[in-house]
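As a plain string of letters, each chain reads:
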Amino acid sequence: MIAVVTGATRGTGRGIAVELGAIGATVYCTGRTTRERQSPMKRSETIEETAELVTAAGGRGIPVRCDFMEPAEVANLRDRIESEVDGRLDVLVDDVWGGSDLEHGGPFWEGDLEQGLRMWRNGVQTHLIALHTLVPLVIRRPGGLVVEVTDGEDDENYPGMLFYDTVKASVRRFGKVLAKELAPHECTAIAVTPGFLRSEWMLDHYGVTEQTWREHIAVDPHYAMSETPRYLGRALAKLVRDPDRARWNGKSLASWTLAKEYGVRDLDGSQPDWGRWMAEVYDTGTDPTTVDAALYR
């Protein structure tokens, strides 16, 4: 299996790349941050680290620096796939984001317009460039899969940030409409979302680590329902190997939905259901400290 994961430097992209490696895939781990060159986000994680984790998991990780804002760089990635693996691309995971430092709460007109537009370019334009350049490789063989990674399984819940909301809604829409474009080629397209994610950025933001994350529950009790990036990665790895995965074509799928479907558990052995928690606790205004979180994990 040959896969490309865009935005594989950290977070969900890294989690998915590693779990694809665990099922033996060759994974092109793409992103902007290398050991020699940081992205504007100025994070320490690198694509080389992700590729090493993929290889350690049992696959073959190939780091490729690629700025998905630049069509020429994405074309170079395509040409490299053509050269190295005869243009074979079984799975394209489109996870470019790079907008965490641009998020703004409150009325959108009070935020910085250029930051909002940059979030749109980072989160939507990049996806379109990746799809336009790499989908032609996916459709060469029946059975190909395109995965759009977003935030939220539907348009019902508004996160309180207009630019952010419309970026993520657009990505969900890509998964839906691509299904129609790919169906004649016997390929599948979906959108997927994690729940309350314990990404590297979020852990740093809350001042905890993967070993101490439970300390933050005292500050935000909803954090009891958080999940690692590997949770969605494990679920997606199961879907990739599902011979009947075409039944999901055009769907927007959450980590908790797929985890139940495929019997997947997070790294700590739990099965967090952020969707059920949102519906029964968060949305109802129930005091989360009065709820047994174990019933939702």
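The text that follows walks through the structure, step by step, so that each part is easy to find.

Thresholds, definitions, all that
- Numbering of residues starts from 1 in every chain and runs along the sequence as written.
- Local features in this predicted model are restricted to residues whose pLDDT is 70 or higher, and side-chain atom pairs enter the listing and the counts only when it is 80 or higher, whereas totals over whole chains, interfaces and linings include all residues.
- Heavy atoms throughout the structure, all of them, feed into the side-chain values; hydrogens and water do not.
- Each helix is a run of DSSP H or I of at least 4 residues and each strand a run of E of at least 2, with the numbering of both proceeding from the N terminus.
- To get the radius of gyration, use the C-alpha atoms; to get the globule rule, take the number of residues to the power 0.38 and multiply by 2.2 Å.
- Partly exposed describes any residue whose relative accessible area lies between the buried limit of under 20% and the exposed limit of over 50%, with all areas from a 1.4 Å probe on protein chains only and scaled to the type maximum.
- Any pair of residues with heavy atoms lying within 4.5 Å of one another is described as a contacting pair.
- Residue burial considers only the protein chains on display, and all accessible areas are found by Shrake-Rupley using a 1.4 Å probe.
- The charged-residue count follows a simple rule in which Lys and Arg add positive charge and Asp and Glu add negative charge, with His and chain termini not counted at all.
- A charged residue contributes its charge at one atom only: NZ of Lys, CZ of Arg, CG of Asp or CD of Glu.
- Throughout, the protein atoms alone are placed on a 1 Å grid, and a set of points is a cavity if a 1.4 Å probe fits but cannot get out or a pocket if it is open with protein on both sides within 12 Å along at least five of seven lines; lining residues have an atom within 4 Å of a point.
- Grid points are joined across faces, edges and corners, and a volume is the space filled by probe spheres set on the points.
- Lines fitted to the C-alpha atoms define the axes, with helices restricted to the stretch that makes contact. Angles between their N-to-C directions range from 0 to 180 degrees.
- Each angle is binned into one of four classes, with values under 35 degrees roughly parallel, values over 145 roughly antiparallel, values of 65 to 115 roughly perpendicular, and all other values oblique.
- Working rule for handedness: look at the near helix, and if it is turned counterclockwise from the far one by less than a right angle, call the crossing left-handed; if clockwise, right-handed.
- When two rings of Phe, Tyr or Trp (its six-membered ring) have centres within 6.5 Å they constitute a pair, described as stacked for plane angles under 30 degrees, edge-to-face for angles over 60, and tilted for the intermediate range.
- One requirement defines pairing of two strands: DSSP has to find at least two bridges between them.
- Criterion for a salt bridge: a side-chain nitrogen of Lys or Arg within 4 Å of a carboxyl oxygen of Asp or Glu.
- By the criterion applied in these results, polar contacts are pairs of N or O atoms within 3.5 Å in which, for protein atoms, one can donate a hydrogen and the other can accept it, and in which residues neighboring in sequence qualify only through two side-chain atoms.

## Section: the overall build of the protein
Move 1: When helices and strands are counted, the protein shows nine helices and seven strands.
Move 2: Here the protein has a C-alpha radius of gyration of 18 Å; the compact-globule value for 297 residues is 19 Å, and the two agree.
Move 3: Viewed in the frame of its principal axes, the protein has a C-alpha envelope of about 55 × 45 × 35 Å.
Move 4: When the 297 residues of the protein are sorted by exposure, 54% land in the buried category.
Move 5: If you take every contact in the protein between residues at least 6 apart in sequence, the share linking residues at least 24 apart comes to 69%.
Move 6: Here the protein has roughly 13200 Å² of accessible surface; of this, 50% comes from carbon and sulfur atoms.
Move 7: Separation between the mean location of the 34 positive side-chain charges and that of the 46 negative ones in the protein comes to 5 Å.

## Re the layout of surface pockets
Move 1: For the second largest pocket, the calculated volume is near 290 Å³.
Move 2: Residue lining of the second largest pocket: 18 residues in total, with Arg198, Glu200, Leu203, Glu210 and Pro229 positioned closest to the centre.
Move 3: Where the lining of the second largest pocket is concerned, the elements lending two or more residues are helix H1 (11–22), helix H6 (200–206) and helix H7 (229–240).
Move 4: When residues of the lining of the second largest pocket are assigned to their parent elements, the largest contribution, four residues, is made by H1.

## Here's the deal with the packing of H1 against helix H2 (residues 47–57)
How two helices sit against one another is set out by the angle between their axes and by the gap between those axes.
Move 1: Packing of H1 against H2 leaves a shortest axis separation of 7 Å and a crossing angle of 30 degrees. Classed by the angle they form, the pair H1 and H2 counts as roughly parallel. Judged by the sense of rotation from one axis to the other, the crossing of H1 with H2 is right-handed. Across the interface between the two elements, Arg14, Ala17, Val18, Gly21 and Ala22 of H1 pack against Glu49, Thr50, Leu53, Val54 and Ala57 of H2.

## Re the packing of aromatic side chains
Move 1: Under the counting rule described, the total for this entry stands at eight aromatic pairs.
Move 2: Consider the rings of Trp97 and Tyr164, whose centres lie 5.6 Å apart with planes at 80 degrees: the pair is edge-to-face. With Trp97 in the loop between strand S4 (91–94) and helix H4 (113–138) and Tyr164 in helix H5 (residues 162–182), this residue pair connects regions lying 67 residues apart in the sequence.
Move 3: Residue classification places Trp97 among the buried positions, given a relative accessible area of 17%.
Move 4: Ring geometry for Phe108 against Phe163: centres 6.0 Å apart, planes inclined by 80 degrees, an arrangement best described as edge-to-face. Of this pair, Phe108 sits in the loop between S4 and H4 while Phe163 sits in helix H5, and the two are 55 residues apart along the sequence.

## Some thoughts on the sheet that holds strand S3 (residues 60–65)
Paired through backbone hydrogen bonds, the strands of a sheet run either parallel or antiparallel to each other.
Move 1: The strand order S3-S2-S1-S4-S5-S6-S7 describes an open sheet built from seven strands, whose pairing is parallel. The sheet is open, and its two edges are formed by S3 and strand S7 (252–254), each paired on a single side. Direction aside, neighbouring strands of the sheet carry axes that sit 20 degrees apart on average.
Move 2: Pairing of strand S2 (residues 26–31) with S3 involves six bridges; the strand directions are parallel. Paired with Thr30 across the strands is Val64, a residue of S3.
Move 3: Packing against the sheet, H2 makes contact with S2 and S3, and its axis sits at approximately 165 degrees to S3.

## Re the side chain of Asp94
Move 1: Relative to the helices and strands, Asp94 is located in strand S4.
Move 2: There is no salt bridge for the buried Asp94, and the closest opposite charge comes from Lys168, which lies 11 Å off by N-O distance.
Move 3: Only 3.2 Å separates the side chain of Asp94 from the side chain of His127, close enough to count as a polar contact.

## Quick notes on the pattern of salt bridges
Move 1: What the rule picks out here adds up to 23 salt bridges.
Move 2: Notably, a salt bridge pairs Arg247 with Asp244, separated by 3.7 Å at the nearest N-O pair.
Move 3: Through salt bridges with shared partners, a single network forms among Arg10, Arg43, Glu45 and Asp204.

## So, the packing of H4 against H5
Move 1: Put simply, H4 and H5 touch, their axes get as near as 9 Å, and they point 15 degrees apart. When the axis of H4 is compared with that of H5, the two are roughly parallel. For the pair H4 and H5, the sense of crossing is right-handed. For the pair H4 and H5, the contacting residues are Leu113, Gly116, Leu117, Met119, Trp120, Gly123, Val124, His127, Leu128, Leu131 and Val135 in the first and Phe163, Tyr164, Thr166, Val167, Ser170, Val171, Phe174, Leu178 and Leu182 in the second.

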